[in-house]
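# Examination of the molecular architecture
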Amino acid sequence: MSDSAMHDKGSKGVSRRRFIAGTSSILGAVALAGHPTAAQAKAAAAAAPIDPGAHVPVLVIGTGYGGSVAALRLAQAGIDVHMIEMGMAWDTPGSDGKIFCNTTAPDYRSYWLRTKTKQPISNFLGFPIDKNIPRYTGILDAEEMGGIIVYQGRGVGGGSLVNGGMAVTPKRENFGAVLPSVNADEMYGTYYPRANAGLGVSTIDPAWFDTVDCYQYARVGRKHAQRSGFPFIFVPDVYDWDYMKQEAAGTVPKSAVAGEILYGNNHGKKSLQQTYIAQAKATGKVTISPLHKVTSVAPAAGGGYTVVIDQINTNGDTTTTKTVTADKVFFAAGSVGTSKLLVKLKATGALPNLNSETGKGWGDNGNVMCGRANHLWDPTGKVQSGIPCSGIDNWAAGGAFAEVAPLPTGIETYASFYLSITKNPNRAQFSWNAAAGKVDLNWQTAWKQASIDMAKTIFDKINAKEGTIYRTDLFGTYRIWGDHLTYHPLGGAVLNKATDNYGRLHGHPGLYVIDGSLIPGNTSVNPFVTITALAERNIEKIIATDL
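Residues numbered from 1 in each chain as written. Predicted model: local features only at pLDDT ≥ 70, side-chain atom pairs only at ≥ 80, totals over all residues. Heavy atoms only, no water.

Across its full length, the protein chain holds 14 helices and 20 strands. A compact globule built from 547 residues would reach a C-alpha radius of gyration of about 24 Å, and the protein chain, at 23 Å, matches this within 12%. By its C-alpha atoms, the protein chain is 75 × 50 × 50 Å across when sized along the principal axes. Buried positions account for 61% of the 547 residues belonging to the protein chain. Within the protein chain, contacts between residues at least 6 apart in sequence are counted, and of these 73% link residues at least 24 apart. By element, 53% of the accessible surface of the protein chain is carried by carbon and sulfur atoms, the whole surface being about 19100 Å². Of the side-chain charges in the protein chain, 50 are positive and 43 negative, and the distance between the mean point of each set is 3 Å. (Helix = DSSP H or I, 4+ residues; strand = E, 2+ residues; numbered from the N terminus. Rg over C-alpha atoms; globule rule 2.2 N^0.38 Å. Buried < 20%, exposed > 50% of the residue type's maximum accessible area, 1.4 Å probe, protein only. Contact = heavy atoms within 4.5 Å. Areas by Shrake-Rupley, 256 points an atom, 1.4 Å probe, with all protein chains shown as cover. Lys, Arg positive; Asp, Glu negative; His and termini not counted. Charge placed at Lys NZ, Arg CZ, Asp CG, Glu CD.)

Bringing the packing of helix H6 (residues 184–199) against helix H14 (residues 528–546) into the picture now. Orientation of H6 relative to H14, taken along the N-to-C sense of each, is 110°, at an axis distance of 8 Å. Comparing their axes, H14 and H6 come out roughly perpendicular. Crossing of H6 against H14: the hand is right-handed. For the pair H6 and H14, contact is made by Glu 186, Met 187, Tyr 191, Tyr 192, Arg 194, Ala 195, Asn 196 and Leu 199 and by Phe 528, Val 529, Thr 530, Thr 532, Ala 533, Leu 534, Glu 536, Arg 537 and Glu 540, respectively. (Axes fitted to C-alpha atoms, helices over the stretch in contact; angles between N-to-C directions. Parallel < 35°, antiparallel > 145°, perpendicular 65-115°, else oblique. Left-handed = near helix turned anticlockwise from the far one by under 90°.)

Moving on, we come to the pairing of strand S12 (residues 368–373). Extensive coverage of S12 is indicated by the burial of six of its six residues. Strand direction decides the pairing type here: S12 and strand S15 (residues 415–422), joined by six bridges, are antiparallel. Bridge assignment links Val 368 to a residue of S15, and that residue is Ser 420. (Pairing = 2+ DSSP bridges.)

Here Val 513 shows up in strand S20 (residues 511–513). Its relative accessible area of 1% is what places Val 513 among the buried residues. With residues up to four places along the chain from it excluded, the contact list for Val 513 reads Phe 331, Thr 338, Leu 342, Ala 493, Thr 499, Gly 503, Leu 505 and Leu 518.

In this section: the side chain of Arg 114. Position of Arg 114 among the secondary structure elements: in the loop between strand S2 (81–84) and strand S3 (123–124). A polar atom in the side chain of Arg 114 sits 3.2 Å from the backbone oxygen of Lys 116. Among the polar contacts made by the side chain of Arg 114, one reaches the side chain of Glu 144 at a distance of 3.4 Å. In this view, Arg 114 contacts Ile 133, Pro 134, Arg 135, Ala 142 and Glu 144; residues no more than four positions away in its chain are not counted. (Polar contact = N/O pair within 3.5 Å; in protein donor to acceptor, adjacent residues only side chain to side chain.)

If you check helix H13 (residues 449–466), its first and last C-alpha atoms are 24 Å apart, about what 18 residues at 1.5 Å a residue would give, namely 26 Å. The principal kink in H13, of about 45°, is found at Lys 456. Note on H13: the residue one or two positions beyond its end, Gly 467, has a positive phi of about 70°. (Expected span 1.5 Å × (residues − 1). Bend = angle between axes of the 7 residues up to and from the residue.)

What follows is the structure, given as C-alpha cells:
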C-alpha cells in the first residue's frame, strides 16, 4: 500500500515507519523459533498406542467433531473404540510453560511439518511476515492443493484446536440447501440442541461487549454495518466467557485477550479435548493413538477390515507400520483427509466397491477474507480478543455472511478485518493421480470470484458510506482479497450420494463417514455445529440399527 493510499481520506494517522517498527517487534518474534523440549518429545512417544495385530470392535480415523461424537456415543452404548489421530496429543507444555504458542510468535508448535510459516495474512504494509521454523508435527496444517490452501487442525481435537470457536446454527430457512436429504424438524428439534449442549455453546454478554477494550474492533464493525443498513448479529461461541471477563480484568492468565487463536488457545476455549473427548475418555472404553496415520483400509478375510497404520515421530518420519483389524471403521479425518483416503482406496483397489460419487462435491464454504482501512477517529484497538463474537448478515440479499474478525497484532492498526462465508456454487473433485501416487483436487482459483462478488455486496457499500478504502497490504502486494484459502473444507463423500442417508459407505458394509466430508461444500455459516449435529443424528441411527 502506498503512503498516499495509507492516508487517503484520513484513513491512517500513523506513519508507515512507525507501523513497521511496531509490527516488526511483534511479528519479528517469529524468527526466534524454539525447539521441542525433552518432556514434549517423551510425551509424544509415551501415549499407549495401538498394538500391531490388535483387533478392535470399532476404529475411528480422526479425532475432530464427527469422530469425537461417534466415539462418545459408541462408548456410552458399551462398545470399545480406538481412535487414530495423525497429530499430537497437545497435553504437554513447552519450555515456556504453555502447550500452544501465540499467534504473533509462531514457533515449532505452529505448523504441520513445514520449515516456514504459511500465515493467512502473509504481508503487512507490503512486507512479508512469514518466518523460518523448525520442522515439527505442529498444530496447523496449511495444505496446498488445486490452487487453494486448506487450513486444518492437527492433533487430538482436530479443527477445534485452531478455529475461532464460532458455533453457529444455520438459519432454518437455509438448511434445505445445505443437507436436502435430512429432516430439518429432527435437526432443529433434537440434534442441533444436542450438539450445542455437548459443545458448551454460549453467547457473549452484550453489556460487557459494549464496554470492554478487547472488542473495540467489533464495535467499530457493528457501527459500520448498521450505518450501511446491514443486520449485525452476536454469534454463539465455545469460549468460556466468564474466563474471558477475568482475562480482561487481569485476574487470570490471558489467552484470547492475548490474541491466542490460530495456533491453539491455552485457557478459556472449550475445544473437543474439554468436551466430547473428555467425556469419551471418562467412559474407560475409548483409547487414542496420536501420531498415527491410516494408509489403508481393506476387507479382511474373516470379516471386518484390515487397517494399515503408520506411526510417525515429530519429524514426520514413519517409525513403525502396524496392521490391525476392526469390525467397523468410521472415517472422520476431516473433509480433505477422509476424501483423499477414500479416493485412493477406491482407485488402488483396496475398496473397489465405493461408488462414483466418492471424491465429489467438495467446496470451501465460500471463504474469502479482506481488510478495510478505517479513519483515524475509528481506532480498532491494540488489544483484540482472538475469539470473534459477531457477524454481518447479508446472506438473503447478497449471498454473504461476514465474520467480524480480530487482527491481534498488539498494535493499533485502524483496520477492520473480515472472514466472509459466501454462497459460492463451485464444487471441486478429488481424483487419484496414479503417476504421482497421490490425490489431486481440481479446484480453480478463478472460482473464488463468485465469493469476492458476494462479499463486495457488504464491503463496497460500507466503504462508500464511510468514505474508506480496502487494505491492499495483507495478502501480497496490492491485493485486496484473501481468495487463496479456506478454513472450512466441506464435502468429498457427500451424504446420500457417496454414502446412504446416515453415512454408511456404499458397497462396503461396516464402513462409515461421519465428518465434514458428508456436507456438500457449504453450510451458510461456520460449519462445526452442523458437522457435530449431523454426527449426533447419524450415530444414533447407526447404534440403533447396525450394532
